[in-house]
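A look at the structure
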Amino acid sequence: MVREARPEDLDGILELYLYLHEDSVPERSEHLAHTWRQIIEEEDHHLIVSEVAGRIVSSCVCVIIPNLTRDVRPYAFIENVVTHRDFRGRGLASECLEYARRIARRRNCYKMMLLTGSREKETLDFYQNAGYSSTDKTAFVQWLDMDRRQGDIPPSP
């Protein structure tokens, strides 16, 4: 079953992210709780999960971004596409991406974008088969303060 995340899904999602690029589940903190509330409550932030036998085994994030170009139409950004190793090849991530596509269409988005750090042919083929092109745009990433711990980040002004 594919659906949007609910407040009680945090532990399952954090465990799933160990198959993405995390090496541990973050410590319980007010910062984690606040961030989770923001994700769950933000109308334009959609954390989509696929559940098998009550367990979250695949997920993606779809964020709708307001925009002043393209006839003032928003666009969707897809991030954190992941499937538990034991459940890959079953179409679960494709179902999550399709759910995101339906959200983007409902919100009148003119495009969807995603980035991947993977260079594996299988992963790149998966995104291409899902309808994404790697030839339309060039992506650049600038990592900010990755050596700092979350607790060291000063509060927003």
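Refer to the structure printed above.
What comes next concerns the included structure. It should be emphasised that the depicted structure is a prediction, and the values quoted were computed from it without experimental measurement.

Each value, and the rule that gives it
- Residues numbered from 1 in each chain as written.
- Predicted model: local features only at pLDDT ≥ 70, side-chain atom pairs only at ≥ 80, totals over all residues.
- Heavy atoms only, no water.
- Helix = DSSP H or I, 4+ residues; strand = E, 2+ residues; numbered from the N terminus.
- Rg over C-alpha atoms; globule rule 2.2 N^0.38 Å.
- Buried < 20%, exposed > 50% of the residue type's maximum accessible area, 1.4 Å probe, protein only.
- Areas by Shrake-Rupley, 256 points an atom, 1.4 Å probe, with all protein chains shown as cover.
- Lys, Arg positive; Asp, Glu negative; His and termini not counted.
- Charge placed at Lys NZ, Arg CZ, Asp CG, Glu CD.
- Pairing = 2+ DSSP bridges.
- Axes fitted to C-alpha atoms, helices over the stretch in contact; angles between N-to-C directions.
- Contact = heavy atoms within 4.5 Å.
- Salt bridge = Lys/Arg side-chain N within 4 Å of Asp/Glu carboxyl O.
- Disulfide = S-S within 2.5 Å.

1. Comments concerning the overall build of the chain
Across its full length, the chain holds four helices and five strands. Over its C-alpha atoms the chain spans a radius of gyration of 16 Å, differing by no more than 12% from the 15 Å that the globule rule assigns to 157 residues. The principal-axis extent of the C-alpha atoms belonging to the chain is close to 40 × 40 × 30 Å. Relative to its 157 residues, the chain shows a buried fraction of 33%. In the structure as shown, the chain presents an accessible area of about 11,000 Å², 49% of it carried by carbon and sulfur atoms. Charge separation in the chain, taken as the distance between the mean sites of 21 positive and 26 negative side-chain charges, equals 6 Å.

2. So, the sheet that holds strand β3 (residues 55-65)
Taken together, five strands build an open sheet; the order of strands is β1-β2-β3-β4-β5 and the sheet is mixed. Among the strands making up the open sheet, the edge pair consists of β1 (2-4) and β5 (112-114). With strand direction ignored, the average angle separating the axes of adjacent strands in the sheet is 30°. Of the strands in this sheet, β1, β2 (45-52), β3, β4 (75-83) and β5 are in contact with helix α3 (residues 92-106), which crosses β3 at around 25°.

3. Overview of the pattern of salt bridges
Counted by the stated rule, this structure contains nine salt bridges. Note that Arg102 and Glu98 form a salt bridge whose closest N and O atoms lie 4.0 Å from each other. Separated by four residues within a single helix, Arg102 and Glu98 lie in helix α3, roughly one turn from each other. Overall, the relative accessible area of 41% leaves Arg102 in the partly exposed class. Three or more residues joined by partner-sharing salt bridges are found here, namely Arg3, Asp9 and Glu51.

4. Focus on the state of the cysteines
Scanning all chains against the criterion turns up zero disulfides. Between Cys60, a free cysteine, and Cys96, which holds the nearest cysteine sulfur, the sulfur-to-sulfur gap is 5.2 Å. By relative accessible area, which is 0% here, Cys60 ends up buried. Taking the relative accessible area as the measure of exposure, Cys96 reaches 0% and is therefore buried.

5. Here we look at the pairing of β2
Summarising burial for β2: six of the eight residues are buried, a large majority. Pairing of β1 with β2 involves three bridges; the strand directions are antiparallel. Looking at β2, one finds that Arg3 is bridged to Val49. In this sheet, β3 lies alongside β2 in antiparallel orientation, the contact comprising eight bridges. Considered in β3, the bridge of Ile48 is made with Cys60. The turn linking β2 back onto β3 is made up of two residues, and Ala53 within it adopts a positive phi angle of 50°.

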